[in-house]
Amino acid sequence: MTIEMKIDGPETVNRTDDMAQGVLGRDSARPDGLAKATGRATYAAEAHPEGMLHGVLRRAPGIGAVRCPNLEAVRAMPGVRAVLRDARMVRNAAQGMADEAPVQGVDEAAYVGQPIALVVAETFEQARHAAQRLEVAIERTDLPIDPDAVEPEVPEAKQSSQGDLDAAMRNAALTIDADYTTSSMNSAAMEPHAAVAEWDGTTLTLRGALQMLRFNRNELADSVGLSAEHVRILAPYVGGGFGSKLGISADCVAAALAAMELGQPVRVVQHRRNVFEVNTRRSETRQRIRLAADADGRLIGLGHEALVSNLPEETFAEPVVQASHFAYPGAARTLGIRIARIHRPAAGSVRAPGEAVGVTASEVAMDELAYAAGVDPVELRLRNIPEEDPERGVPFSSHRLKAALLDGAERFGWSGRPMAPRQRREGEWWIGTGMAAAFRVNMVVEAQARIRLHGAGAVVETDMTDIGTGSYAIFQQVAAELLGLPLAQTEVRLGDTALPPGSGSGGSVGAASTGTAVWLAAMELRRQIAARLGCDEAELTLKDGTATAGNTRQDLADILSGAELTGTGHVKPGDAAEKVRQATYGAHFAEVAVNDVTGEVRMRRMQGTFSAGRILNRRTARSQCHGGMIWGIGMALTETMTHDRRDGHVVNRDLAEYHVPVNADVPPLDVHLLEERDPWAGPMQAKGIGELGICGAAGAILNAIHHACGARLRDFPATPDRVLAALE
Amino acid sequence: MRPFDYQRPDDRDAAHAAARDGATFIAGGTNLVDLMKLEIMAPDRLVDVSRLGLDGIGDADGGLRIGATVTNSDLAADPRVRRTYPVLSRALLAGASGQLRNKATTAGNFLQRTRCPYFYDTDAACNKRAPGTGCAALGGEMRNHAILGGSQHCVALHPSDMAVAMRALDAEVEVEAADGTSRALALDDLYRLPGDTPHIETSLAPGDLITSVRLPVPLGERQVYRKVRDRASYAFALVSVAAVVRMEGGRIAEAALAFGGLGTRPWRDAEVDALLAGEAPGEALFDKAGEVLLRDAEPPEGTEFKLPLARRVLKAVLTEATR
Amino acid sequence: MAVTITVNGQDHTLDLDPRVTLLDALRDHLHLTGSKKGCDHGQCGACTVLLNGRRVNSCLCLAVMHDGDEVTTIEGLAEGGPSPLQEAFVAHDGMQCGYCTPGQICSATAMLDEVAAGWPSHVSASLDCPVELTHDELAERMSGNLCRCSCYPGINAAITEVARRGKTEATE
Ligand SMILES: Cc1cc2nc3c(=O)[nH]c(=O)nc-3n(C[C@H](O)[C@H](O)[C@H](O)COP(=O)(O)OP(=O)(O)OC[C@H]3O[C@@H](n4cnc5c(N)ncnc54)[C@H](O)[C@@H]3O)c2cc1C
Ligand code: FES
Ligand code: FES
């Protein structure tokens, strides 16, 4: 039996808090933790079916028509079984939730790095060498690669305007009008994209490094020309994704095609350099931000216009201004996204698409406004909290920015901070502090989950993935809480398309959406148990494997008496999103040291307070926030993909030259999660938290740099050369 | 990676014999294996030098003799190095990571190749990797490239930290040729400038085996190594400075400065050292030292930031070393 | 080429293409997939194992160069029950996706020995004092292991706890 629910309005009764087991929301360990810590958790590339062959991708070294003059010679190399140049191979990295094949083809390279062949051999060493020997001749076409050098597209649907911003800017007591830039960035998940494909003549089984299996299955089926029933994808453990594994990847499609052609299992693992080129990147952005305010710093107008880029044919455009629609008031508003069509690798969703770069830049602009107004930056935000969605006029489902700002300021010790920059010096180091608000839209997506309940416990099943986000832990807690079971008796099975389709991991939707499906499945089981007891579900108390209703108390095992009960939950987004504005909020505080000699910046400490509805597991939620904040450090200080000015290729396409933060870049972090229940977020009243921590974080750091040394940097990241130039 | 034959001789005679037929030595492999995987280097024969017994550190004429295969970790932690050559410990500890230093060897570190991304890109032109093909870095994206010692054919940087300290310490490498004859080379003679043959990086002939490095008594006790990089750890130097200074009566009696992140080879400039000798430390002097150091600097586009950075770091290092 | 490597206390004789790295020998030939491949070029630390007791990047080791050597992998550390570090990583949530975790734990295991041996680090104020495992010392010493999920706070808490426990045991 299935309970279906559409999120159309607020949940008036809070059932979740009635439950008795007391495990939901707790700070509890990941059930998958020990398997990961002992090396028993197996990731995509780690399957080793009998007779497995090894495939290595060959990249296009230029843009244009592709030929492989020595293909036959490579085919004859030792161990080589095939050189695949199949028109069905992925050309443009797939976008999340596409549900169909991405742009395919190998004859035209649309960007440097595009996979144009797969070399398959008996061993990895043979395949790698043969792929390196494969010559690729390009008939080069001169296509644009610089976002600033083309006339951008101005899609009407992505422009919005209310009131007269120009007039507001003319009449305002205070204005800010500045350009900010952020770099092209890579998800750089630690597990490279990988696939092991097996074909038995009817069914394609693929172990993949993927985030959203129910979409990925259709994408893979469509790519290789099978119907979805003949495709099964397994991804029980995924070594990080951050957006780059949302869509079906080049390795998956190539491995599947090779396995189908050769009738043997084929493994394809992207080389780390492929990872930088053949998966979606975060677009670089150029953002013009205009703020018009009265003398007290209250906004009367706001403009946020961004230039982003993508390949032709791609519909994704980094939604830079997403939070600007509702973050701050101002009657005059002009927001827009323009897209430069250029031939760099495809851009797509990377952790918190939109807000990660958009909030970050606008929070620097807000800091500039605070300085222009002579108002403390926290106070400036407090003065600019809108009563309702400033554009649509609808209410907020819940809004705890004020609480987050005050809590963060208190914990960080913000009060008494001298407003003026360059006040504190320790040896060569200027010390300063800065802050930023955090905003991130929240959404629910369709998801299903099933729970099987038997005498010894429950098994939760969905094709949802755990990419580090804590799905295993959270679903275990949700099911155990509602079914009154100890955590140890609640097993979670994920990452298999043979299981009910979950939401997939992406856009922070996983825990809340699929978690709600698990909640509904458990509720269905509660009803079935109640029916067996002849009572109302609401009268039922389930705890530690026993059911209490009225004054009878019985062991769950006895109630089931050998039977297995199955409950399925199915959640769908309804029109709640039209009735209210739903988002998550937070506040970042950072202390930095800026070296006056070298321009190096070192983080000294960072504090984040976040509000995202019910927190389902404090430990995994805190880890997600740490992750976001540290990504903020990367965005603020170190991360940038450099594209060659001549052909757009990623110059620094490895982990030695693309600098993700290392342990020593990260100071002690303090995270505080506010208690919140968002009634518009379904029966659990929980919202996504995986991305909130990055939104604005880098802005707090650049603001702290300004406070430390007086240099106002508007280009991310603030590498030593840039800081030095500002200091000189 | 191209197929290759692998040999692991147990003594130097066998190593020389193997090298006479043309072979590439491998020590820690942290650079060579990296490059072989990308077929930037593609030797047919590898001769493993890790078990030749070249892993000792011993006294030599009051200085130190360091075996070629002593790991960077062992060298950095050696009590004599920590006490007498702290600049060397510091440089080693500022390089790579704990894991890499456990494998990386002294000779291998000297001979590690540039990290220029175009050298690393077999689809790009590179005179160092494929002589005569041109230099894709020039006109491309340059940041961590050389501002000293470059030519129109190559501006690739030498990435080593250790070698910078070694230059300031007047290290000499001891080399045995494949015919068994041995010689000592000052680093100035080991490293060549790129000129129009950037693929020839050192004066070593094929088959030359580095057996050890000799460090003389350091000229001064004041030793500083400072490295500026893009993140707090596990990144190559944008600029680094090694200083060895002897003070006498408040004046700089002698100074040896060496630089990383600036040159096509670990950089040392006799004129900088000479300028400082006998002078009283002070801002003006240090500024002058920076001017002399950079008098011939030709920063390729994108590397201009290294000029002020080098000047500032030099000044800070000299201030610290003469305090 | 025939190579004999002692892995987690057991001798394994393998016939390998000289191009096979120690990491691939472990993962593909011995099916010990606990050691991870994040970059294959010494840039991430996911492949860290203990080689004769020291931490190294196994992706840059040619297996044939390690005939007769002793290798301990993450699986080996768990023999006879999870090691204190393995347990502490779970307790402090020193992981999210878990892909860097085996490398972190192997690295930390050897790092604690390096500290005990008095090896200085880049951030040590002096080269000859005993090492105190402060946040900065720990962070510098663990910087050869990237974690893109960015679990450094949990990782550091786990290692700190084990280091502290080890110290009290040593003084008891
Ligand atoms: C991610 C990463 C980051 C790094 N960061 C830094 C850094 O910050 N600073 C730094 O200085 N270095 C850094 N390194 C480089 C590292 O220091 C070198 O790879 C290492 O020192 C090379 O030593 P090896 O013994 O492994 O050399 P190998 O790779 O074995 O050999 C290197 C070269 O030396 C030759 N060779 C070796 N031994 C001999 C001998 N006895 N006689 C003649 N020829 C010989 C080999 O033929 C080869 O050409 C980094 C490396 C990596 C992978
Ligand atoms: S896989 Fe070896 S260091 Fe990344
Ligand atoms: S836990 Fe995912 S990379 Fe470290």
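Criteria and thresholds
- Residues numbered from 1 in each chain as written.
- Chains lettered and ligands numbered in written order.
- Predicted model: local features only at pLDDT ≥ 70, side-chain atom pairs only at ≥ 80, totals over all residues.
- Heavy atoms only, no water.
- Axes fitted to C-alpha atoms, helices over the stretch in contact; angles between N-to-C directions.
- Helix = DSSP H or I, 4+ residues; strand = E, 2+ residues; numbered from the N terminus.
- Parallel < 35°, antiparallel > 145°, perpendicular 65-115°, else oblique.
- Left-handed = near helix turned anticlockwise from the far one by under 90°.
- Contact = heavy atoms within 4.5 Å.
- Nonpolar A, V, L, I, M, F, W, Y, C, P; charged D, E, K, R; others polar.
- UniProt positions renumbered as here; feature names shortened; annotations may be inferred.
- Salt bridge = Lys/Arg side-chain N within 4 Å of Asp/Glu carboxyl O.
- Disulfide = S-S within 2.5 Å.
- Buried < 20%, exposed > 50% of the residue type's maximum accessible area, 1.4 Å probe, protein only.
- Near = heavy atom within 4 Å.
- Polar contact = N/O pair within 3.5 Å; in protein donor to acceptor, adjacent residues only side chain to side chain.
- Areas by Shrake-Rupley, 256 points an atom, 1.4 Å probe, with all protein chains shown as cover.
- Pairing = 2+ DSSP bridges.
- Right-handed = clockwise from strand over helix to strand, strands pointing away.
- Expected span 1.5 Å × (residues − 1).
- Buried area = accessible area lost by both parts, 1.4 Å probe.
- Core = buried A, V, L, I, M, F, W, Y, C linked by side-chain atoms within 4.5 Å.
- Domains from an automatic or database assignment.

Caption draft 1: Molecular detail of the packing of helix H11 (residues 283-293) of chain B against helix H12 (residues 306-322) of chain B. Residue and element names in this part refer to chain B. As a packed pair, H11 and H12 sit with axes 9 Å apart at the nearest point and diverge in direction by 135°. Classified by the interaxial angle, the pair formed by H11 and H12 is oblique. Remark: the crossing between H11 and H12 carries right-handed chirality. Contact with H11, carried on its side by Glu283, Phe286, Asp287, Ala289, Gly290 and Leu293, involves Arg311, Leu314, Lys315, Leu318, Thr319 and Thr322 of H12 and no other residues of that element. Of the residues assigned to the contact of H11 with H12, the class counts are five nonpolar, three polar and four charged.

Caption draft 2: Structural context of the UniProt feature "domain: FAD-binding PCMH-type" (unreviewed entry) in chain B. UniProt's feature table lists "domain: FAD-binding PCMH-type" (unreviewed entry) at residues 1-220 of chain B, given in the numbering used throughout. Secondary structure over residues 1-220 of chain B splits into 26% helix and 16% strand, and the C-alpha atoms at its two ends are 46 Å apart.

Caption draft 3: Inspection of the pattern of salt bridges at higher detail. This structure, assessed with the given rule, holds 102 salt bridges over all chains. Between B:Arg246 and B:Glu248 there is a salt bridge; the shortest N-O distance is 2.5 Å.

Caption draft 4: Representation of the side chain of A:Asp32. Here A:Asp32 lies in the loop between strand E1 (2-7) and helix H1 (33-37). Non-local contacts of A:Asp32, meaning those with residues more than four positions away in its chain, are made with A:Tyr237, A:Asp466 and A:Tyr472.

Caption draft 5: Structural view of the state of the cysteines. Considering all chains together, one arrives at zero disulfides over all chains under this definition. For the unlinked cysteine B:Cys135, the closest cysteine sulfur is that of B:Cys154, found at 6.0 Å. Relative accessible area serves as the criterion here: at 22%, B:Cys135 is assigned to the partly exposed category. Unpaired in this structure, C:Cys106 has its nearest cysteine sulfur neighbour in C:Cys47, at a distance of 9.9 Å. Judged by its relative accessible area of 1%, C:Cys106 falls in the buried class.

Caption draft 6: Region of the structure containing the UniProt feature "domain: Aldehyde oxidase/xanthine dehydrogenase a/b hammerhead" (unreviewed entry) in chain A. Per the UniProt record, "domain: Aldehyde oxidase/xanthine dehydrogenase a/b hammerhead" (unreviewed entry) is annotated on residues 38-142 of chain A. The span residues 38-142 of chain A shows a helical share of 14% and a strand share of 28%, and its end C-alpha atoms are spaced 51 Å apart.

Caption draft 7: Structural detail: the site of ligand 1. Every one of the 35 residues lining ligand 1 counts as a neighbour, but B:Phe25, B:Gly29, B:Thr30, B:Leu32 and B:Thr105 are closest to it. Neighbouring residues of ligand 1 are not confined to one chain but are distributed across chains B and C. The separation between an oxygen atom of ligand 1 and a polar main-chain atom of B:Phe25 is 2.5 Å. Within the backbone of B:Ala96, one N or O atom sits 3.0 Å away from an oxygen atom of ligand 1. Isolated, ligand 1 exposes 970 Å² of accessible area, and the fraction of that covered by the protein chains is 96%. Of all the secondary structure elements, the ones that give two or more residues to the shell around ligand 1 are strand E2 (24-26), helix H7 (106-111) and strand E8 (209-215) of chain B. When residues in the shell around ligand 1 are grouped by element, the largest group, four residues, is from H7(B). Across the shell around ligand 1, the residue classes break down as 16 nonpolar, 15 polar and four charged.

Caption draft 8: Inspection of the pairing of strand E12 (residues 231-234) of chain A at higher detail. All names here are of chain A. Summarising the sheet, strand E11 (residues 204-208) and E12 pair through four bridges and their orientation is parallel. When the bridges of E12 are listed, leucine 204 appears paired with valine 231. Chirality of the crossover, the property in question, places the unit of E11, helix H5 (residues 213-224) and E12 among those that are right-handed.

Caption draft 9: Looking closely at helix H6 (residues 250-262) of chain A. Residues and elements named next belong to chain A. Between its first and last C-alpha, H6 extends 18 Å over 13 residues, near the 18 Å set by a 1.5 Å rise per residue. In terms of burial, H6 is a largely internal element, ten of the 13 residues being buried. Residues of H6 that are buried: Ala250, Asp251, Cys252, Val253, Ala254, Ala255, Ala256, Leu257, Ala258 and Ala259. Of the residues flanking the end of H6, it is glycine 263, one or two places downstream, whose phi is positive at about 65°.

Caption draft 10: The arrangement of the sheet that holds strand E18 (residues 429-441) of chain A in detail. All names here are of chain A. With respect to topology, five strands assemble into an open sheet ordered E17-E18-E26-E27-E28, the strand pairing being mixed. Here the strands that pair on one side only, and so sit at the sheet edges, are strand E17 (424-426) and strand E28 (669-673). Across the sheet, the mean angle separating the axes of adjacent strands is 25° when strand polarity is ignored. As paired elements, E17 and E18 share three bridges and run antiparallel to each other.

Caption draft 11: Molecular detail of the interface of chain B and chain A. Of the residues lining the interface, 37 residues belong to chain B; the matching set on chain A comes to 41 residues. Of the roughly 3200 Å² buried at the junction of chain B and chain A (both faces included), carbon and sulfur atoms supply 47%. Taken together, chain B and chain A are joined by ten salt bridges. In this structure, the salt-bridge partner of A:Arg59 is B:Asp123, at a minimum N-O distance of 2.7 Å. Linking chain B to chain A there are 21 residue pairs in polar contact (both at pLDDT 80 or more). For the side of chain B that touches chain A, the secondary structure elements donating two or more residues are strand E9 (222-229) and H12 of chain B. Across the side of chain B that touches chain A, the residue classes break down as 19 nonpolar, three polar and 15 charged.

Caption draft 12: Quick look at the nonpolar core. Judged by nonpolar contacts, the single largest core of 230 residues is most densely connected at A:Phe439, A:Ile451, A:Leu453, A:Ile701, A:Ile705 and C:Ile159. When sequence neighbours within four positions are dropped, the list of residues in contact with A:Ile451 reads A:Ala458, A:Val459, A:Val460, A:Ala479, A:Leu483, A:Val518, A:Ala521, A:Ala522, A:Leu525, A:Leu565, A:Thr566 and A:Gly567. Core analysis: the second largest hydrophobic core is formed by 64 residues, A:Ala82, A:Ala93, A:Tyr111 and A:Ile233 among them.

Caption draft 13: Spotlight on the domain arrangement of chain A. Residue and element names in this part refer to chain A. For chain A, the domain assignment lists domain 1 (2-41 + 444-575), domain 2 (42-353) and domain 3 (395-441 + 582-727). If you look at the interface, domain 1 gives 24 residues, while domain 2 gives 23 residues. Counting each side, the surface lost to burial between domain 1 and domain 2 is near 1700 Å², with a carbon and sulfur contribution of 53%. The largest share of the area that domain 1 buries against domain 2 comes from Ala41, Ile467 and Thr497, three residues that together contribute 35% of it. Inspection of the domain 1/domain 2 interface yields one salt bridge. In this structure, aspartate 496 and arginine 232 form a salt bridge, with 2.5 Å as the shortest nitrogen-oxygen distance. For the interface between domain 1 and domain 2, the tally reads ten residue pairs in polar contact (both at pLDDT 80 or more). Here the side of domain 1 that touches domain 2 is built from residues that sort into eight nonpolar, nine polar and seven charged.

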